[in-house]
Amino acid sequence: MKNFPITDKFTTHLKQALGKAIVFANEFGHIQLSPEHILYGLAAEKGSLSYELLQKSSFPLDLLKQDMIRRFHTPYLRQDQLPELPDEVVTLITRAVRI
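Everything numeric here is computed off the predicted structure, so don't read it as measured data. (Residues numbered from 1 in each chain as written. Predicted model: local features only at pLDDT ≥ 70, side-chain atom pairs only at ≥ 80, totals over all residues. Heavy atoms only, no water.)

Points about the overall build of the chain
Counting its regular elements, the chain contains five helices and zero strands. Along the chain, from the amino end to the carboxyl end, the secondary structure elements read α-α-α-α-α. Taken over 99 residues, the chain has a buried fraction of 32%. Restricting to contacts in the chain with at least 6 residues of sequence separation, those with at least 24 account for 67%. (Helix = DSSP H or I, 4+ residues; strand = E, 2+ residues; numbered from the N terminus. Buried < 20%, exposed > 50% of the residue type's maximum accessible area, 1.4 Å probe, protein only. Contact = heavy atoms within 4.5 Å.)

Structure below.
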């Protein structure tokens, strides 16, 4: 993942979750992260607060992944590029971290 100064303030779990989201997006040839990719990354990061909350509520991670695979089955972007965060997402994350 590209190193942005703002990511220095992220927890290890958040960095790992974003990494999982990037890998998940890349599997489908997507060059930008969508909320669905990030949701999956957060839900799949064991030990993170989001993972623990979802586990306690019996959230079906496998069902989420299957649904996303079904919707993303056909890659719609080039597969030779890694996804990048859109500028709006970087701005939003930067504002959120400052709060």
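Looking at the confidence of the model for the chain
The predicted coordinates of low-pLDDT regions are not to be read in fine detail. Looking at the chain as a whole, the pLDDT averages 78, with 83% of positions reaching at least 70. No element of the chain has a lower mean pLDDT than helix H5 (residues 87-98), which averages 74, and none a higher one than helix H1 (residues 12-27), which averages 88. (pLDDT = per-residue confidence, 0-100.)

Some words on the nonpolar core
Buried together is how nonpolar side chains tend to be arranged in soluble globular proteins. Formed by Phe24, Phe28, Tyr40, Ala43, Ala44, Leu61, Leu64, Met68 and Phe72, the largest nonpolar core amounts to nine residues. At the level of elements, helix H2 (35-44) and helix H4 (61-71) are the ones that each hand at least two residues to this core. Counting residues in hydrophobic clusters, the runner-up holds six residues, among them Ala21, Leu33, Leu85 and Val90. (Core = buried A, V, L, I, M, F, W, Y, C linked by side-chain atoms within 4.5 Å.)

Quick word on the side chain of glutamate 45
The topology assignment puts glutamate 45 in the loop between H2 and helix H3 (49-56). Looking at glutamate 45, the relative accessible area reads 7%, which means it is buried. Of the polar contacts made by the side chain of glutamate 45, one reaches the side chain of histidine 13; its length is 3.0 Å. Setting aside its immediate chain neighbours within four residues, glutamate 45 contacts His13, Gln16, Ala17, Lys20 and Tyr51. (Polar contact = N/O pair within 3.5 Å; in protein donor to acceptor, adjacent residues only side chain to side chain.)

Side note on the packing of H1 against H2
Packed helix pairs are characterised by how far apart their axes lie and by the angle those axes make with each other. The geometry of H1 relative to H2 is characterised by a closest axis approach of 7 Å and an angle of 130° between their N-to-C directions. In terms of axis orientation, H1 runs oblique to H2. Every pair of crossing elements has a handedness; the one defined by H1 and H2 is right-handed. Residue-level contacts link Leu14, Ala17, Leu18, Lys20, Ala21, Phe24 and Ala25 of H1 to His37, Ile38, Tyr40, Gly41, Leu42 and Ala44 of H2. When its residues are assigned to classes, the contact of H1 with H2 shows ten nonpolar, two polar and one charged. (Axes fitted to C-alpha atoms, helices over the stretch in contact; angles between N-to-C directions. Parallel < 35°, antiparallel > 145°, perpendicular 65-115°, else oblique. Left-handed = near helix turned anticlockwise from the far one by under 90°. Nonpolar A, V, L, I, M, F, W, Y, C, P; charged D, E, K, R; others polar.)

Notes on the environment of leucine 33
Looking at the element boundaries, leucine 33 is found in the loop between H1 and H2. Overall, the relative accessible area of 9% leaves leucine 33 in the buried class. Note: C-alpha distance between leucine 33 and leucine 85 (52 residues apart in sequence) is 6.0 Å.

Overview of the packing of H2 against H4
Here H2 crosses H4 at 155°, and the two axes come no closer than 11 Å. Here H2 lies roughly antiparallel to H4, going by the angle between them. Once H2 is placed against H4, the crossing between them reads as left-handed. On H4, the residues touching Glu36, Leu39, Tyr40, Ala43 and Ala44 of H2 are Leu61, Leu64, Lys65, Met68 and Arg71. For the contact of H2 with H4, the class distribution of residues is seven nonpolar, no polar and three charged.

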